[in-house]
Amino acid sequence: MRPDWDEYFIDMMDTVASRATCDRGRSGCIIVKDRRIISTGYVGSPSGLPHCDEVGHLMKQVIDEDGTTRQHCVRTIHAEQNAICQAARHGIPLEGSTLYCTMEPCRVCAMLIISCGIKHVVAKSRYHAAQETREMFATAGITLKVMEDSVENYANQ
């Protein structure tokens, strides 16, 4: 059966995610405008810096509002951030585009998405800490569609 546009781009986003260099969350991102891919990104270290797959993770403790302590790798930047940076680096405007990502964006990625004018976000799955993202998107008029109603889990979360 022929996939609809969201399924098509989510499938392509999975291929982009296969390039990720942090095995805790091999996430990907595709930014699309007028059904054409204008930028891609995946979880990885900034250009020229060592990757988790090469030297290991750089773990930091994060304490959620409910007091839950989690481990977070800070060696890499998120797929959404990489895709936005790639567009900026090549002078590609993102106003009015759609962003496809592995899971709902984190708070920082959500702020970047809002600031650069992306209007639609399609996530493959949910993110355990995305409530604030959902609220910001609603306030900013950004539509959020989650394809699978499951929470993305990864090692040492």
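Residues numbered from 1 in each chain as written. Predicted model: local features only at pLDDT ≥ 70, side-chain atom pairs only at ≥ 80, totals over all residues. Heavy atoms only, no water.

Student: Can you help me understand the overall build of the protein in this one?
Tutor: Helices and strands together make up the secondary structure of the protein, namely five helices and seven strands. Of the regular secondary structure in the protein, the N- to C-terminal order runs α-β-β-α-β-β-α-β-α-β-α-β. Compactness check: the protein gives a C-alpha radius of gyration of 15 Å against a globular reference of 15 Å for 157 residues, within 12% of the reference. Judged by the C-alpha coordinates and their principal axes, the protein covers about 40 × 35 × 35 Å. Here the protein holds 157 residues, and 38% of them are scored as buried. Looking at the protein alone, contacts between residues at least 24 apart form 55% of all its contacts between residues at least 6 apart. Of the roughly 8700 Å² of accessible surface on the protein, 50% is carried by carbon and sulfur atoms. (Helix = DSSP H or I, 4+ residues; strand = E, 2+ residues; numbered from the N terminus. Rg over C-alpha atoms; globule rule 2.2 N^0.38 Å. Buried < 20%, exposed > 50% of the residue type's maximum accessible area, 1.4 Å probe, protein only. Contact = heavy atoms within 4.5 Å. Areas by Shrake-Rupley, 256 points an atom, 1.4 Å probe, with all protein chains shown as cover.)

Student: Help me understand helix 3 (residues 79-89), please; the structure alone is not making it clear to me.
Tutor: When we look at burial in helix 3, the residues that qualify are Ala79, Glu80, Gln81, Asn82, Ala83, Ile84 and Ala87. Buried residues along helix 3 sit in contact with strand 1 (28-33), strand 2 (36-42), strand 5 (98-103) and helix 4 (107-115). The first or second residue beyond helix 3 is glycine 91, which carries a positive phi of 70°.

Student: What's the story with a nonpolar patch on the surface in this structure? I'm lost.
Tutor: On the surface, Val108, Met111 and Leu112 cluster together into a nonpolar patch covering about 220 Å² of accessible area. Summarising the element assignment, methionine 111 is placed in helix 4. Residue class for methionine 111 comes out partly exposed when judged on its relative accessible area of 34%. (Patch = residues over 30% accessible without salt bridge, like charges linked within 9 Å, V, L, I, M, F, W, Y side chains within 5 Å. Salt bridge = Lys/Arg side-chain N within 4 Å of Asp/Glu carboxyl O.)

Student: Looking at this structure, I do not really get the sheet that holds strand 5. What am I missing?
Tutor: Sheet strands line up and pair through hydrogen bonds in the backbone, either parallel or antiparallel. The sheet built from five strands is open, its strands ordered 2-1-5-6-7 with mixed pairing. Strands with a single pairing partner mark the edges of an open sheet, and in this sheet they are strand 2 and strand 7 (143-146). Direction aside, neighbouring strands of the sheet carry axes that sit 20° apart on average. The sheet contact formed by strand 1 and strand 2 spans six bridges and is antiparallel. Residue pairing in the sheet places cysteine 29 in a bridge with glycine 41 of strand 2. Packed on one face of the sheet, helix 1 (residues 5-17) meets strand 1, strand 2, strand 5, strand 6 (120-125) and strand 7 and runs near 140° to strand 1. (Pairing = 2+ DSSP bridges. Axes fitted to C-alpha atoms, helices over the stretch in contact; angles between N-to-C directions.)

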